[in-house]
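# Working through the structure, step by step
Listed here are the chains, written in short residue letters.
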Amino acid sequence: MANQLRGNDLRQLGFPEGRAIGLALAQLQRKHLKKMSQTDQLALLQSLLADPSNFLTHLDWSHTAAALLPPPSRHIALAERKPYAVFGPEYIDQGAIHQMETAMKLPVTVAGA
């Protein structure tokens, strides 16, 4: 390896292709991290790679850690529909009723009318 870590060095450590490599290399260019020895930099990157969730609140490494974690699921598990009262159902559009049925299945729903 040269004096400065490169993308190939991070790939050899096990970093996945993509944004995380660029973010890690950019962080290593910061003044206080640039002074670290290459061995210390590699050790830091290995610990970051081993458990990125430990670095999510770290001032320097939070963005890199987030890039190493899988994206959160956007799926919401629906619960059983909670009961609700309907006043004047003949005046309510069918689309609005369907929307209310779906809203009553959300896990955050307490009550509805």
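Scroll up to find the structure.
Just so you know, these numbers come straight off a predicted model, no measurement behind them. (Residues numbered from 1 in each chain as written. Predicted model: local features only at pLDDT ≥ 70, side-chain atom pairs only at ≥ 80, totals over all residues. Heavy atoms only, no water.)

## Topic: the overall build of the protein
The criterion, for reference: Numbering of helices and strands runs from the N terminus, with a helix taken as a DSSP run of H or I at least four residues long and a strand as a DSSP run of E at least two residues long. Only C-alpha atoms enter the radius of gyration, while the globule expectation follows 2.2 Å times N to the 0.38, with N the number of residues. Buried means the residue's accessible area, taken with a 1.4 Å probe over protein chains only, is under 20% of the maximum for its type, while exposed means over 50%, and partly exposed covers the values in between. We call two residues in contact whenever any of their non-hydrogen atoms come within 4.5 Å of each other. In short, Shrake-Rupley with a 1.4 Å probe defines the accessible areas, and a residue's cover is counted only from the protein chains shown. When charges are counted, Lys and Arg contribute as positive and Asp and Glu as negative, whereas His and the chain ends are disregarded. In this description, the location of a charge corresponds to atom NZ of lysine, CZ of arginine, CG of aspartate or CD of glutamate.
Per the secondary structure count, the protein includes six helices and zero strands. When the helices and strands of the protein are read in sequence order from the N terminus, they spell out α-α-α-α-α-α. Its C-alpha atoms give the protein a radius of gyration of 25 Å, more than 25% over the compact-globule value 13 Å for 113 residues. The principal-axis extents of the C-alpha atoms in the protein amount to approximately 75 × 20 × 20 Å. Put simply, the protein has 113 residues, and 24% of those count as buried. Put simply, 49% of the contacts in the protein that link residues at least 6 apart link residues at least 24 apart. Total accessible area computed for the protein in this model is approximately 8100 Å², and 56% of it derives from carbon and sulfur atoms. In the protein, the 11 positive side-chain charges and the 9 negative ones have mean positions that sit 12 Å from each other.

## Some words on the side chain of Q41
With respect to the element layout, Q41 can be found in helix α4 (residues 38-50). Aside from chain neighbours lying at most four places away, what touches Q41 is L5, L28, L33, K34 and M36.

## Quick look at the nonpolar core
In plain terms, the rule: Residues enter a nonpolar core if they are buried and are Ala, Val, Leu, Ile, Met, Phe, Trp, Tyr or Cys, with the set joined through side-chain atoms within 4.5 Å.
With 16 residues, the main nonpolar core has L10, F15, L45, L48 and W61 as its most contacted residues. Mapped onto this core, the elements with two or more residues apiece are α2 (19-28), α4 and α5 (62-68). With near-sequence residues (within four places) excluded, L10 lies in contact with L5, F15, I21, A24, L25 and L45.

## Examining α2
To be explicit about the condition: The arc in question is formed by the directions pointing from the helix axis toward the C-beta atoms.
All of the buried residues along α2 are A20, I21, A24, Q27 and L28. Summarising the axial view, the buried residues of α2 lie within an arc of 130°, below the 170-degree limit, and thus occupy one face. As for α2, its buried residues are in contact with α1 (7-13), α3 (31-34), α4 and α5.

## Quick look at the environment of S53
Threshold: In protein, a polar contact requires one atom able to donate a hydrogen and another able to accept it; more generally it is a pair of N or O atoms within 3.5 Å, and residues adjacent in sequence count only if both atoms are side-chain atoms.
With respect to the element layout, S53 can be found in the loop between α4 and α5. Spatially, the C-alpha atom of S53 lies 20 Å from that of R11, the residues being 42 residues apart in sequence. Polar contacts involving the side chain of S53 include one to the side chain of D51, which spans 2.7 Å.

## Topic: the pattern of salt bridges
Side-chain pairs of opposite charge can arise where the charged atoms are in close proximity. Rules: The term salt bridge refers to a pairing of a side-chain nitrogen on Lys or Arg with a carboxyl oxygen on Asp or Glu at a separation within 4 Å.
Applying the stated criterion across every chain, the model contains three salt bridges. The partner of R11 in a salt bridge is E17, and the shortest N-O contact between them spans 2.4 Å. E17 gets classed as exposed once you look at its relative accessible area, which sits at 61%. The partner of R30 in a salt bridge is D60, with the nearest N and O atoms 3.0 Å apart. With R30 in the loop between α2 and α3 and D60 in the loop between α4 and α5, this residue pair connects regions lying 30 residues apart in the sequence. Look at R30 and you get partly exposed, because its relative accessible area is 36%.

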